[in-house]
Amino acid sequence: MLLLCALFCGLARPEGLVAVFVAFSDESDSGSTSGKFLVSGYVAKRDEWPWFCRAWRERVLDGPPRIPYLHMREIMNPEWREGQAIDFNSADERVAEACRVLWGCGFITPVVSVISKDDLREVVSKHFMGRGRKRLPNGFQDPDYFCFMAFTVYALAKVWREYGGDHKVHFVVSRKEVVTDHIREFHDAMQRLLTPPFREMLGDLIPGDMALRLPLQSADVLSWHLQRKFSERRMTNQERLHQGRLAKLIKEKTTPWEWNKTDLDSLAAKAAARFPEKKRGPRLKINAV
């Protein structure tokens, strides 16, 4: 039964899957070094995800008309909606229903990690360039990768605090994310960075297709609404509607974790100490941060 449910909601490894996350970087200030990066998603016990998947498919995707998946950038795109034969009001109701499903699933916990781009640039410069490095360890030239590592630390701490340390947490991310380019290095990197009990809790990093793995769609909905909040858009009636929905998505028990410079500095220092410079690797480009 569990296997059938896993296939139904797109979770191909039910024997080990505990948590599903999607990594998302805030690109609202494209071309600027200011603003925020954020990674957000939901965590739940493995045998609880199929209940969410069933509700998501029946109440969000099946319609009528049926849509193949819910991806915020596409459902907000008139051309995509026209191709799916769904008008604006119906599409908006799908988003509203998605928020209601997530609000009603009390067994899933939101996890939100936010980093200032300015702070990130400063600590990377201090602990990597400041030590005379010419190259970064694989992946560290991409801000998304470092932000995802910070998110992982916070997610493991949150699971440990709520459920204890005798669990493995697997992280599922969308294949389009930069971090999946370094999937082979990720587990080794985090094992070196983490200390007990989090080291023992760390599971696998699993790339997934958002169209097939339904919980990734829920993380996309959360990330899209968070992006609008942290980009400090002008508060129109439509933005008030989005922020009201965000309250349902993060629930009362979750406050987005905004890394202060001290904690971020500590994480960067630990990473720099545990990742010695290699002779070969990507060139350091601080302007990429």
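Within each chain, residue numbers correspond to sequence positions counted from 1 in written order. Whole-chain, interface and lining totals are the exception, using all residues; otherwise, since this is a predicted model, local features are given only for residues with pLDDT of at least 70 and side-chain atom pairs are given and counted only at 80 or more. To get the side-chain values, all heavy atoms of the structure are used, and hydrogens and water are removed first.

Asks: Talk me through the pairing of strand β2 (residues 36–43); I want residue IDs and the actual numbers.
Replies: Three labels apply to residues, based on accessible area from a 1.4 Å probe with only protein chains included: buried if under 20% of the type maximum, exposed if over 50%, partly exposed otherwise in between. Per the convention used, a helix needs a DSSP run of H or I reaching at least four residues, while a strand needs a run of E reaching at least two, with both numbered from the N terminus. Within β2, seven of the eight residues are buried, which leaves it mostly tucked inside the rest of the structure. Across eight bridges, β2 lies against strand β3 (residues 109–116) in antiparallel orientation. Pairing of V43 across the sheet is with T109, part of β3. Pairing between two strands requires that DSSP report at least two bridges joining them.

Asks: Before we move on, can you summarise the packing of aromatic side chains with the specific residues and values?
Replies: Here a Phe, Tyr or Trp ring, Trp counted by its six-membered ring, pairs with any other such ring whose centre lies within 6.5 Å, and the pair is stacked when the planes are under 30 degrees apart, edge-to-face when over 60, and tilted otherwise. Within this structure, the stated rule accounts for eight aromatic pairs. Ring geometry for W257 against W259: centres 6.3 Å apart, planes inclined by 85 degrees, an arrangement best described as edge-to-face. Taken together, W49, F52 and W56 form an aromatic cluster joined through their ring pairs. As a reminder, the over-ring test applies to NZ of lysine and CZ of arginine, requiring each to be within 6 Å of the ring centre and within 35 degrees of the ring normal. Of note, K117 hangs over the ring of F37, and the distance from its end group to the ring centre comes to 5.2 Å.

Asks: How would you summarise the confidence of the model for the protein chain if you had to cite specific residues and measurements?
Replies: Per-residue confidence for the protein chain gives a mean pLDDT of 75, with 72% of residues at or over 70. The predictor attaches a confidence to each residue, called pLDDT, with possible values from 0 through 100. Across the protein chain, the secondary-structure element scoring lowest on mean pLDDT is helix α1 (residues 2–9), at 33, and the one scoring highest is helix α4 (residues 78–83), at 96. In what follows, residue pairs with any heavy atoms lying within 4.5 Å of each other are defined as contacts. Considering only residues more than four positions removed or in separate chains, one finds that residues 279–289, a stretch of pLDDT under 50, has 27 contacts.

Asks: Can you explain helix α6 (residues 117–127)? Please cite residues and give values.
Replies: Of the residues making up α6, those classed as buried are K117, D119, L120, V123, V124 and H127. Axial view of α6: buried residues confined to an arc of 160 degrees, hence all on one face. What qualifies as a polar contact is a pair of N or O atoms within 3.5 Å, subject to a donor-acceptor requirement within protein and to the restriction that residues adjacent in sequence count only when both atoms come from side chains. Where α6 begins, the side chain of S116 points an oxygen toward the backbone nitrogen of D118, at a separation of 3.3 Å. This arc corresponds to the set of directions leading from the helix axis out to the C-beta atoms.

Asks: Please give an account of the state of the cysteines that cites residues and values.
Replies: Any two cysteine sulfur atoms lying within 2.5 Å of each other are counted as a disulfide. Taken as a whole, this structure holds zero disulfides when the rule is applied. Left unpaired, C105 is separated from the closest cysteine sulfur, that of C53, by 9.3 Å.

Asks: Summarise the pattern of salt bridges; cite the residues concerned and give the values.
Replies: A pair is scored as a salt bridge if a Lys or Arg side-chain nitrogen falls within 4 Å of a carboxyl oxygen belonging to Asp or Glu. A complete count under the given rule lists 10 salt bridges for this structure. Linking R66 and D62 is a salt bridge whose minimum nitrogen-to-oxygen distance equals 3.7 Å. A salt bridge links R228 to E239; the nearest nitrogen and oxygen atoms lie 2.5 Å apart. Here R228, found in helix α10 (residues 214–230), pairs with E239, found in helix α11 (residues 237–250); they are 11 residues apart in sequence, far enough to count as distant. The exposure class assigned to R228 is buried, which follows from its relative accessible area of 15%. Residue E239 is classed as buried on the basis of its relative accessible area of 7%. A cluster of three or more residues bridged by salt bridges with shared partners is formed by R59, E93, E97 and R100.

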